[in-house]
Amino acid sequence: MTESTFKLTYATMFNPPEELHRRYEDTLRNKKAQLGKNYGMIINGKERYSAEVFENRNPANTDEVLGVFQKGTRQDVEDAVQSAKTAQIKWKRIPWQERVAIIRKAADNIDKRIYELAVALSLEVGKNRMEALGDAAESADLMRYACDQMEANDGFIHRMGKDPLAGYDATNISMMLPYGVWLVISPFNFPCALTGGPAGAALVTGNSVIIKPASDTPWAPRIYVECLLEAGVPEGVVNYITGSGSEVGQTLVEHPFIDGITFTGSYDVGMRIYRSFSQWIYIRPVIMELGGKNAAIVSKNADLETAAIGIMRSAFGLQGQKCSACSRVFIEEEVYDDLVNLLVTLAEKITVGDPTRREIYMGPVINRNSYQDYQNYIDDLRKSGRILTGAKVFTEGDYAKGFFCAPTFVADLPLTHPLWQQEMFLPITTIAKVDSLDQAMTYTNQVKYGLTGGFYGTEEEAAWFFDNIEAGVVYANRPQGATTGAWPGFQPFGGWKASGATGKQAGGLNYLQQYMREQSRTLIRRIS
Ligand code: NAP
């Protein structure tokens with residue numbers, strides 16, 4: 001396998017070509033020599049600096065300052081919104097084919113800078129190198145998928161039927177048109193894909209965009225914005241503004257010129273934004289991608305080796321900090337002991353440490369709050385359940401300056417315990433024995449979330465699972481990941497219930513239309 005024949009996705013990432021490692025390591029060396037730069041915001045195509053700044057530190061080594069970023073002000077918000085509003089008027093008039101060409105070029109720019117993006121993602125998020133490369137590659141593929149959808153739908157301009165009018169000729173056209181200024185607020189765990197996917201969709205459909213990244217991870221989104229500008233996205237059509245969610249983010253949400261929002265993040269913040277954005281004289285679109293509490297169900301007929309590897313990968317990939325992470329497992333009693341043994345064996349082989357190192361599977365958790373949450377949850381789980389493995393933080397030697405937590409499986413937690421319901425967003429997964437698949441399904445659906453789900457068993461049982469689970473992205477018999485690893489064009493990704501707002505999933509057939517509104521145009525000509 002060479003790099004040129006290798007297609008990176010979350011399902012293929014386990015055995016990459018050697019060249020990919022070499023190029024990642026070369027870029028890492030290079031970037032490490034230049035850490036700590038001061039990065040501006042980008043408003044109307046210009047760098048913008050603030051009186052107040054914040055540091056972006058490496059969660060694997062908090063002594064390392066990766067970069068210094070700006071605390072945006074109300075004035076910065078105002079200027080970003082005004083420039084986006086002005087610039088959008090020209091952008092929407094550019095033929096859609098030209099917008100497609102620019103966004104495709106931006107996707108190519110991401111590919112060209114993929115190692116730089118991956119290094120930034122490893123250092124600021126704590127992603128291992130393959131997860132980091134995957135995040136960057138996914139953002140490019142999400143943008144390409146949006147371009148493909150524009151083409152497949154002829155720019156969403158369709159000639160409709162002629163109404164049967166005697167003496168007149170009718171031209172009826174349905175056009176999908178952009179809303180205007182679109183706000184993209186992204187989370188820390190996929191700073192590139194979950195900025196690039198929504199922003200790419202908003203831009204190719206003719207909206208202008210304001211990007212507000214998570215404060216823990218502003219670096220990769222900044223490189224992403226450079227890729228857009230270098231591709232020819234005009235000044236003001238894309239703006240990048242940094243600062244805290246509760247100040248800069250909230251000020252943006254409350255601005256009357258914001259025409260639509262894509263928010264990806266936690267349920268609590270998402271609901272607050274949803275309610276706040278609805279305080280207006282008319283209804284504006286809001287796309288929400290929120291949390292998860294994803295379960296895997298294992299039948300007595302399952303291939304247990306496949307189930308174990310799939311569950312382990314989804315429970316502990318990115319330290320359990322994926323919205324799609326497998327945080328609950330329900331196992332039929334006949335195979336419970338055997339599968340638990342396999343899971344514990346696999347978890348104990350997981351390497352934890354500096355995520356830029358080739359052999360490391362799990363890096364640090366994102367910040368001190370998450371590190372403290374892990375320890376608090378473990379204290380509670382120790383009292384209420386039975387720790388099967390993990391349940392410790394690493395503090396010695398190379399671990400001393402980072403937020404390193406052990407992958408943890410917990411059994412015998414009463415099913416009434418609140419941690420069966422709450423998204424912990426950490427490398428902690430709870431496991432329960434069930435009498436039947438029906439019982440497993442009842443527990444699976446008994447949470448407010450409905451993002452992803454996994455199943456291991458016969459194909460007949462899998463059909464039953466697909467029919468009954470209340471979740472947007474569901475997999476059966478998948479060793480690459482029980483509940484994680486969707487890729488644009490292959491698995492449309494989005495949540496039901498408290499995990500999402502619109503039921504139309506990213507990287508799928510129904511997503512792009514959400515960034516446009518329909519205008520029905522009728523022109524009448526008298527013919528007699
Ligand atoms: P978060 O705390 O909700 O923050 C998400 C974003 O919202 C950040 O950019 C944050 O900025 C901003 N923000 C916070 N308060 C705001 C406000 N009042 N107004 C406007 N913006 C505000 O989430 P996170 O910890 O970064 O990400 C983890 C969560 O995202 C998990 O719940 C996970 O399940 C979810 N997620 C869902 C999906 C999906 O596709 N369904 C994908 C990935 C992640 P600051 O960082 O400056 O506070």
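Residues numbered from 1 in each chain as written. Predicted model: local features only at pLDDT ≥ 70, side-chain atom pairs only at ≥ 80, totals over all residues. Heavy atoms only, no water.

Enquirer: Would you mind going over the sheet that holds strand β4 (residues 53-58) with me for this structure?
Expert: Hydrogen bonds between backbone atoms are what pair the strands of a sheet, whose relative direction is either parallel or antiparallel. With respect to topology, 3 strands assemble into an open sheet ordered β1-β5-β4, the strand pairing being mixed. Each end of this open sheet is capped by a strand with a single partner; those strands are β1 (37-39) and β4. Here the strands of the sheet are splayed against their neighbours by 35 degrees on average, with no regard to which way each runs. (Pairing = 2+ DSSP bridges. Helix = DSSP H or I, 4+ residues; strand = E, 2+ residues; numbered from the N terminus. Axes fitted to C-alpha atoms, helices over the stretch in contact; angles between N-to-C directions.)

Enquirer: What is the right way to read a nonpolar patch on the surface from this model?
Expert: On the surface, Leu-165, Tyr-168 and Ile-524 cluster together to form a nonpolar patch covering roughly 240 Å² of accessible area. Here Ile-524 falls in the partly exposed class, since its relative accessible area comes to 41%. (Patch = residues over 30% accessible without salt bridge, like charges linked within 9 Å, V, L, I, M, F, W, Y side chains within 5 Å. Areas by Shrake-Rupley, 256 points an atom, 1.4 Å probe, with all protein chains shown as cover. Salt bridge = Lys/Arg side-chain N within 4 Å of Asp/Glu carboxyl O. Buried < 20%, exposed > 50% of the residue type's maximum accessible area, 1.4 Å probe, protein only.)

Enquirer: What is the right way to read the site of the ligand from this model?
Expert: In the vicinity of the ligand, 31 residues are found, and the nearest of them are Ser-186, Ser-215, Ser-266, Leu-290 and Glu-423. For the ligand, the accessible surface in isolation is 920 Å², of which the surrounding protein chains cover 87%. For the shell around the ligand, the elements supplying multiple residues, two or more each, are α8 (245-253), β11 (260-264) and α9 (267-277). Split by residue class, the shell around the ligand holds 14 nonpolar, 14 polar and 3 charged. (Near = heavy atom within 4 Å. Nonpolar A, V, L, I, M, F, W, Y, C, P; charged D, E, K, R; others polar.)

Enquirer: Explain the sheet that holds strand β24 (residues 516-526) here, please?
Expert: One open sheet holds the 3 strands; their spatial order is β6-β7-β24, and the pairing between them is antiparallel. This sheet does not close on itself; its edge strands, each paired only once, are β6 (157-159) and β24. Strand-to-strand twist across the sheet, computed as the mean angle between neighbouring axes with direction ignored, equals 15 degrees. Relative to strand β7 (residues 168-178), β6 is paired through 3 bridges, and the arrangement is antiparallel. In the strand pairing of β7, Arg-159 is matched with Ile-173.

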